[in-house]
Amino acid sequence: MMKFGLSGSSGGLESLQDDRLLTMIPQLEKWGYSSVWINEEHFQRNRSCFSPLILGATFAALSSSLRVGFSALITPLHHPLRLAEEIASMDRLSGGRVDFGVSRGHPGHYFDSYQIDASQRTELFRNGVSEILDYWTKGIVRVGDNELDFSPMPIQTPHPPIYVAAYSDDSVKWAAEAGHHLILHGIQSIESLSRCLHVFKESGGHTPSIPVGRFVYVGESDQQARDDIWPTVCQLTSRLKKIRTDRFSLINSEDDLEPELFFEQLAIIGGPETCARKIKQLNEEFGIQHVNLLSSFFGILPARLLEESLERFSKEVMPKL
């Protein structure tokens, strides 16, 4: 059976007003979604960027079975001890429903604003993850010659699953060899997706466990879906082109961000039959068993269409898979 989650800066619900965002969480659970994943983002002009840890704890409190993941936390921006305590606290209070998604991040405003040297981000990231794992598995905080008890210990054993957000061959290989999971984002082309899955598998990773993000919109029919989503696709691809840098060459090409190619190849858009068929193709070609819906299209999709698509996906697409 395939699993379906949501992903975005507000767990894929960025289009919703704050009060509706909160009431939607138990609704997602009723509709059969398995998880909600929260991106760490900052300084977004057109959408709210809540603290991912506070939002994750809120989502966990509002649900009973949804797993709360991070897609991902930029660990060099966090103190490892503090982050270890907060994730462990969330894991305990949620009954063991936390998926710890991590990333080294990319150079830019985030690192400048937090006054962290971006050139050291790989070392900070890998050392930070290692330090957090030591706290969770050994239960000790060393301060000089003293050993203090780490608390609370996470409820999942040996620790909450670690999902590494990565695109470069080196980072994907490191994640597999370290025994971590991989998480892949929705702006990734099929070619880039295939490369990452291949490197991860060849390095000893378990590919069926990978949550793969895709922009998803389900309309009443293929034509209705196109009519509904086309303005959103044009606005989103325009925004992505403006922020495109050299690092995107590992993720997609400039052609991939042309609206028509994005619609056909990067996104899963259509009526229920078409969306189910495209997801089946991902499963058959790559063995993907977990799809995360980037359902709000970075908050551009109108709230009414977001809710209708999520309900339609639950009732008319999930049963086909």
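Higher on the page you've got the structure.
Because the structure is a prediction, the values reported are computed rather than measured.

Novice: Help me get a handle on the overall build of the protein chain, residues and values and all.
Specialist: The helix and strand inventory of the protein chain stands at 11 helices and 12 strands. Taken over C-alpha atoms, the radius of gyration comes to 19 Å for the protein chain, in line with the 20 Å a tight globule of 321 residues would show. Across its three principal axes, the protein chain shows a C-alpha extent of roughly 70 × 40 × 40 Å. Long-range pairs, those at least 24 residues apart, make up 75% of the contacts in the protein chain between residues at least 6 apart in sequence. With the model as given, the accessible surface of the protein chain reaches about 14500 Å², and the carbon-plus-sulfur share is 48%.

Novice: Any chance you could break down the packing of aromatic side chains for me, citing the residues and the numbers?
Specialist: To describe a pair of aromatic rings, one takes the distance between the centres and the angle between the planes. Summed over all chains, the structure comprises 11 aromatic pairs. Here Phe 43 and Tyr 110 contribute two aromatic rings whose centre-to-centre distance is 5.8 Å and whose plane-to-plane angle is 65 degrees, an arrangement assigned as edge-to-face. With a gap of 67 residues between them, Phe 43 in the loop between β2 (35–38) and α2 (52–61) and Tyr 110 in helix α4 (residues 109–113) connect regions that are remote in the sequence. Assessed through its relative accessible area of 53%, Phe 43 is described here as exposed. Members of the aromatic cluster, connected to one another through ring pairs, are Phe 215, Phe 262, Phe 297 and Phe 298. Sitting above the plane of the Trp 230 ring, Arg 226 keeps its charged end 4.6 Å from the centroid.

Novice: Tell me about the pattern of salt bridges, and please be specific about residues and values.
Specialist: Under the criterion given, the structure shown has 14 salt bridges. Ionic pairing is found between Arg 20 and Glu 307, a salt bridge with its closest N-O pair at 2.8 Å. Here the residue Arg 20 occupies a position in helix α1 (residues 18–31), and Glu 307 occupies one in helix α11 (residues 303–317), the gap between them amounting to 287 residues. Since its relative accessible area comes to 29%, Arg 20 is described here as partly exposed. Residue classification places Glu 307 among the partly exposed positions, given a relative accessible area of 23%.

Novice: Describe unusual backbone geometry, with residues and values.
Specialist: The step from Ser 71 to Ala 72 runs through a cis peptide bond, and the omega angle for that step is 15 degrees. Relative to the helices and strands, Ala 72 is located in the loop between β3 (67–70) and β4 (73–74). Residue Pro 158 is bonded to the preceding Thr 157 through a cis peptide linkage, with omega at 0 degrees. Structurally, Pro 158 is set in the loop between β7 (146–149) and β8 (162–165). In the Ramachandran plot, Gln 115 falls in the positive-phi region, its phi being about 55 degrees despite a non-glycine side chain. Within the fold, Gln 115 resides in the loop between α4 and α5 (121–138). Take Gln 115: its relative accessible area is 75%, and that puts it in the exposed class. Notably, Phe 297 is not glycine yet its phi reads approximately 55 degrees, a positive angle. Mapped onto the elements of the fold, Phe 297 is located in the loop between β12 (290–294) and α11.

Conventions adopted
- Residues numbered from 1 in each chain as written.
- Predicted model: local features only at pLDDT ≥ 70, side-chain atom pairs only at ≥ 80, totals over all residues.
- Heavy atoms only, no water.
- Helix = DSSP H or I, 4+ residues; strand = E, 2+ residues; numbered from the N terminus.
- Rg over C-alpha atoms; globule rule 2.2 N^0.38 Å.
- Contact = heavy atoms within 4.5 Å.
- Areas by Shrake-Rupley, 256 points an atom, 1.4 Å probe, with all protein chains shown as cover.
- Phe/Tyr/Trp six-rings, centres within 6.5 Å; stacked < 30°, edge-to-face > 60°.
- Buried < 20%, exposed > 50% of the residue type's maximum accessible area, 1.4 Å probe, protein only.
- Lys NZ or Arg CZ within 6 Å of the ring centre and 35° of its normal.
- Salt bridge = Lys/Arg side-chain N within 4 Å of Asp/Glu carboxyl O.

Limitation: the analysis is restricted to geometry and does not speak to function.
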